[in-house]
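Here's the letter readout for the chains.
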Amino acid sequence: MLFNSIDFAIFLPIVFVLYWFVINKNLKWQNAFIVVTSYVFYGWWDWRFLSLITFSIVVDYFIGVFLGKEENQRKRKLLLWISICVNLGFLGFFKYYNFFVDNFVAAFSFFGMDIKAQSLNIILPVGISFYTFQALSYTIDVYKRRLEPTKDFIAFAAFVSFFPQLVAGPIERATNLLPQFYKKRTFDYSKAVDGLRQILWGLFKKVVIADNCAQFANQIFNNSADMNGSTLLLGVLFFTFQIYGDFSGYSDIAIGTARLFGFDLMRNFNFPYFSRDIAEFWRRWHISLSTWFRDYLYIPLGGSHGGTWTKIRNTFIIFIVSGFWHGANWTFIAWGALNAIYFLPLLLTNKNRNHLGTVAQGKLLPDAKEFFSILFTFGLTVFAWIFFRAENLGHAFSYISGIFSSSLFEMPKFDRMERALMTIILTGVFVVIEWIGREDQFAIQRLGLTWKRPVRYAMYYAIIIVIFLLGGQAQQFIYFQF
Amino acid sequence: MKRFIKRLLKFSVFLIILFLALLVLYVKMDPFKVIKSYDSFYDANENKNGWVALNKDFVSTTTFIQNSKHTNYNSFIFGNSRSVFYQIDDWKKYLEPGSECFHFDAGLESLWALNKKIVFIDKHGFNLDNVLIVLDHSTITQDKPRHGHIFITSPPLVNYSNLLEFHKTFYFVFLSPDFFYAYMDFKQSGKLKPYMKKHGLITDLPQQYDIKTNEIRLEHFENLIKEERYYTPKLLSLFYDRDSLTQSHSPQIILAAQKKLFKNIQSILQKHNSKVKVIISPLYDQMKLNESDLIYLKDTFGEDNVFDFSGINEFTNDYKNYYENSHYRPHVARKILEIVYE
């Protein structure tokens, strides 16, 4: 079920009313209700893949229980590896099987050997990369004794399958989310209102910004060979805002929805396009995934401790794996490697933690140095998105060479330029609102709170009307494919 | 909690009233003719000043359902808007006398919907004695239903299962500022102003419509061509340059999903012992259908029943065989019928 669908607009109020009015007395029933509604939410897309989630839940629950009882270190390690193999095995099969087969065959044919291996017509289960990582984090935390294994199967099932963040994150940690299923939730007015505001802003980002930008990003990337340099540049800028609006919009709706049900999910985006260097960007973009890789891969590898070569190796590993997590394509690996190259100079000169606070805190505008740092970082990010969006590496390189040609100085030319102009204006307004609200959890969290109610309501009505009237053609959330 | 619900309802009242008021207006006006029932979707009197472009799939399907109560159709032409120019009068010459023909076309027709139409006719107990399928790259590649566009598949074909999605799409187009303003202005003034035609949703293109066969004719264009007023410099600029010396081929487009649909179509036609002819349209792009796709179609529908007019040939070389770079003219369709049925 998509957040921006009529189905969800009907589903959410029904679930909300049942949750708070019908089964609010008993915590176990409330958790069981979350599991059932989460299964309905996921099964709306394809009920067959519910078996995968169920299997993952059962395996990780029992491994957690056994890890809690087992003292023998070898046996504990074995249990951990079973969980890793099951979770990554699913992921590997559904997401990466064809990639490895195709590359294996290509590599052998390069040396003149004809290998017969059949790629399969596999459907990628929506959200598999998210819930497998979430389940895996639980087992690892229990193994590391950072977390007591749960004995409450229903609470664990609700933790893994919790519908607001099941298919596209934020990838929650058991240490944060699981304990929330043990405690009775009481309705918190201000939390719920804040949640609604966040849902509204998430919908604006998705429907108005991402879906409008998507039409032009798709048109330009799909016909890049026929486009001039300035159009190609505009195309990647459209994609830059599409992917941000799409993914951070989804996260906002997920976090806001969870708040309506009394849950606090971790923050996933923190105004990344206002970052002053790439290190800051990675502390602000897809935070739940970056911190997952930091805690479960980078630090176990030694992190930034050790010699220069260890730092370089670990940085490349984490960025390339992170790129590969997004999809089975060399383009994602290139995107990851490019970000590693961006990041390394900062790490090696110990400048990677220079910008920990919010840019221009308490000020209306950034100073010149901050402004140019933001612009430079934004430019690097935009360049890297070309690899992320391209069909293959050849496409990415031809796209780049198309931008850096003499036609960069021609007028952009593509279909529906008037609508594109409207999209650019909307995106400009969006950037300004995001800048104003950059010190909050989301841009409109405190916007208008001191205004009189009719004025504040008028602002909300305006956002809703813009969503309805100026929304782009409905697109799937990009991150569903990951 | 009560406070929250109360505030939320208070907040929503304005939006709900606005939404419902516009919905009532939409239902009352029914600009896309998808709510009320109509004797004819294209009423010449009503349309004399202009009309809103309709979903031809919905028009074709609804007209078929209405007409089939009194007409026992047994001959059908399927295809996208390019098939419009295969006129029933021309086709009838090659059929048994007394054949009842229906032009079951749709704008941007997909193979998915074409299959649905044949299933639909079969299910409703009509004979498919004569079938003309007009295909091209665009139809063959679309193997799934399309959403989010007002020219989407009609609900009757899928047992009204997409009714909500279908009406939502039309209602939201009605609400879009460009359309809403232009439509209200058009209704108020009764005049079609140039800006209203911008998105092609409101038009004043003269056309003739035959309600029995669901056939649309654009005689106005033919008259303009006769008077040598049609191919203006603006229109000629649509005819892009092609390499008419080297034949290019389309990639293979009949894949597993398409094969499944073609197989289903063929099995129904076989059940009806249909006389089927499959035509690959001569498109201006001069792209030749992939050899393996052509072999598949011939294997499926019979060697003598599939006719490929794509690629560089006498039809595609001359731009005057086209209205623009997409649709070929009736005389081309007539000539093709001659070849097919000779």
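Trainee: Let's hear about the pairing of strand 2 (residues 75-79) of chain B: which residues, and what values?
Mentor: All names here are of chain B. Among the five residues of strand 2, five are classified as buried, and the element is accordingly described as predominantly covered. Residues of strand 2 alternate between two faces, with Ser75, Ile77 and Gly79 on one and Phe76 and Phe78 on the opposite face, all of them buried. Taken together, the five bridges between strand 2 and strand 3 (residues 101-105) define a ladder with parallel strand orientation. Residue pairing across strands places Ser75 opposite Cys101, the latter belonging to strand 3. Alignment of strand 2 against strand 4 (residues 130-135), held across four bridges, turns out to be parallel. Looking at the pairing, Phe78 lines up with Ile133 of strand 4.

Trainee: Summarise the interface of chain A and chain B; cite the residues concerned and give the values.
Mentor: The interface is formed by 21 residues belonging to chain A together with 20 residues belonging to chain B. Regarding the contact of chain A and chain B, the summed buried area is about 1,900 Å², with carbon and sulfur atoms giving 76% of it. Summed over the three residues of chain A that lose the most area to chain B, namely Tyr189, Tyr461 and Phe468 of chain A, the buried surface amounts to 29% of that side. Counting across the chain A and chain B interface gives zero salt bridges. Where chain A packs against chain B, one counts two residue pairs in polar contact (both at pLDDT 80 or more). Secondary-structure elements contributing two or more residues to the side of chain A that touches chain B are helix 1 (6-22), helix 8 (189-222) and helix 17 (453-470) of chain A. Counting residues per element, the side of chain A that touches chain B draws most heavily on helix 17 of chain A, at nine residues. Its residues placed into classes, the side of chain A that touches chain B shows 18 nonpolar, one polar and two charged.

Trainee: Go over helix 17 of chain A, please, and point to the residues and values.
Mentor: One turn of an α-helix holds 3.6 residues; hence residues three or four places apart share an orientation. With 18 residues, helix 17 of chain A extends 25 Å between its outermost C-alpha atoms, agreeing within 8% with the 26 Å of an ideal straight helix rising 1.5 Å per residue. Every buried residue of helix 17 of chain A is accounted for by Arg456, Tyr457, Met459, Tyr460, Tyr461, Ile463, Ile464, Ile467 and Leu470 of chain A. Elements that come into contact with the buried residues of helix 17 of chain A comprise helix 8 and helix 16 (417-436) of chain A together with helix 1 (2-29) and helix 7 (177-189) of chain B.

Trainee: Lay out the pattern of salt bridges with the relevant residues and their values.
Mentor: Note that side chains of opposite charge can pair when their charged atoms are close. Per the counting criterion, the structure on display carries 39 salt bridges over all chains. Put simply, Arg446 of chain A and Asp440 of chain A hold a salt bridge, and the shortest N to O gap is 2.7 Å. Arg446 of chain A sits in the exposed class, given a relative accessible area of 53%. Close ionic contact of Asp143 of chain B with Lys144 of chain B constitutes a salt bridge, the shortest N to O distance being 3.7 Å. Of the residues examined, Lys144 of chain B reaches a relative accessible area of 56% and is grouped as exposed. Through salt bridges that share partners, Lys191, Asp194, Arg197, Arg259 and Asp264 of chain A make up one connected network.

Trainee: Residue-level account of the sheet that holds strand 2 of chain B, with values.
Mentor: Residues and elements named next belong to chain B. Read across the sheet, five strands follow the order 3-2-4-9-11 without closing on themselves; strand pairing throughout is parallel. Bordering the open sheet on either side are strand 3 and strand 11 (306-308), each of which pairs with just one other strand. Neighbour-to-neighbour, the strand axes of the sheet open up by a mean angle of 15°, direction not taken into account. On the sheet, helix 11 (residues 291-301) packs against strand 9 (275-280) and strand 11 and is oriented at approximately 160° with respect to strand 11.

Trainee: Explain a nonpolar patch on the surface to me, and be specific about the residues and the numbers.
Mentor: Taken together, the side chains of Ile10, Ile14, Val17, Leu18, Phe21 and Val22 of chain A together with Leu164 of chain B present a nonpolar region at the surface, about 620 Å² in accessible area. No other element matches the six residues that helix 1 of chain A contributes to the nonpolar patch. Among the secondary structure elements, Ile14 of chain A is positioned in helix 1.

Trainee: Which residues make up unusual backbone geometry, and what are the values?
Mentor: Residue and element names in this part refer to chain A. Its identity as a non-glycine residue notwithstanding, Asn350 has a phi of 60°, on the positive side. With respect to the helices and strands, Asn350 occurs in the loop between helix 13 (330-348) and helix 14 (368-389). Judged by relative accessible area, Asn350 falls into the exposed class, the value being 61%. Unlike most non-glycine residues, Arg416 shows phi in positive territory, near 60°. Look at Arg416 and you get partly exposed, because its relative accessible area is 48%.

Trainee: Describe the packing of helix 12 (residues 308-326) of chain A against helix 13 of chain A, with residues and values.
Mentor: Residues and elements named next belong to chain A. Where helix 12 meets helix 13, the closest approach of the two axes is 8 Å, and the angle between their N-to-C directions is 150°. The interaxial crossing formed by helix 12 with helix 13 has right-handed handedness. Residues Thr308, Lys311, Ile312, Thr315, Phe316, Phe319, Ile320, Gly323, Phe324 and His326 of helix 12 pack against Phe332, Ile333, Trp335, Gly336, Ala337, Asn339, Ala340, Ile341, Phe343, Leu344, Leu347 and Leu348 of helix 13. Looking at the contact of helix 12 with helix 13, its residues break down into 15 nonpolar, six polar and one charged.

Trainee: Residue-level account of the pairing of strand 3 of chain B, with values.
Mentor: When you tally the buried positions in strand 3 of chain B, you get five out of five residues, the bulk of the element. Along strand 3 of chain B, one buried face is formed by Cys101, His103 and Asp105 of chain B and the opposite face, lined by Phe102 and Phe104 of chain B, is buried too.

Trainee: Got a sec to walk through the packing of helix 13 of chain A against helix 14 of chain A? Specific residues and values, please.
Mentor: All names here are of chain A. Relative to each other, helix 13 and helix 14 sit at 160°, their axes nearing to 7 Å. Between helix 13 and helix 14, the interaxial angle falls into the category roughly antiparallel. Residues Thr331, Phe332, Ala334, Trp335, Leu338, Asn339 and Tyr342 of helix 13 pack against Leu380, Phe383, Ala384, Trp385, Phe387 and Phe388 of helix 14. Per-class residue counts for the contact of helix 13 with helix 14 are eleven nonpolar, two polar and no charged.

Definitions and cut-offs
Residues numbered from 1 in each chain as written. Chains lettered and ligands numbered in written order. Predicted model: local features only at pLDDT ≥ 70, side-chain atom pairs only at ≥ 80, totals over all residues. Heavy atoms only, no water. Buried < 20%, exposed > 50% of the residue type's maximum accessible area, 1.4 Å probe, protein only. Helix = DSSP H or I, 4+ residues; strand = E, 2+ residues; numbered from the N terminus. Pairing = 2+ DSSP bridges. Contact = heavy atoms within 4.5 Å. Buried area = accessible area lost by both parts, 1.4 Å probe. Salt bridge = Lys/Arg side-chain N within 4 Å of Asp/Glu carboxyl O. Polar contact = N/O pair within 3.5 Å; in protein donor to acceptor, adjacent residues only side chain to side chain. Nonpolar A, V, L, I, M, F, W, Y, C, P; charged D, E, K, R; others polar. Expected span 1.5 Å × (residues − 1). Axes fitted to C-alpha atoms, helices over the stretch in contact; angles between N-to-C directions. Patch = residues over 30% accessible without salt bridge, like charges linked within 9 Å, V, L, I, M, F, W, Y side chains within 5 Å. Areas by Shrake-Rupley, 256 points an atom, 1.4 Å probe, with all protein chains shown as cover. Left-handed = near helix turned anticlockwise from the far one by under 90°. Parallel < 35°, antiparallel > 145°, perpendicular 65-115°, else oblique.

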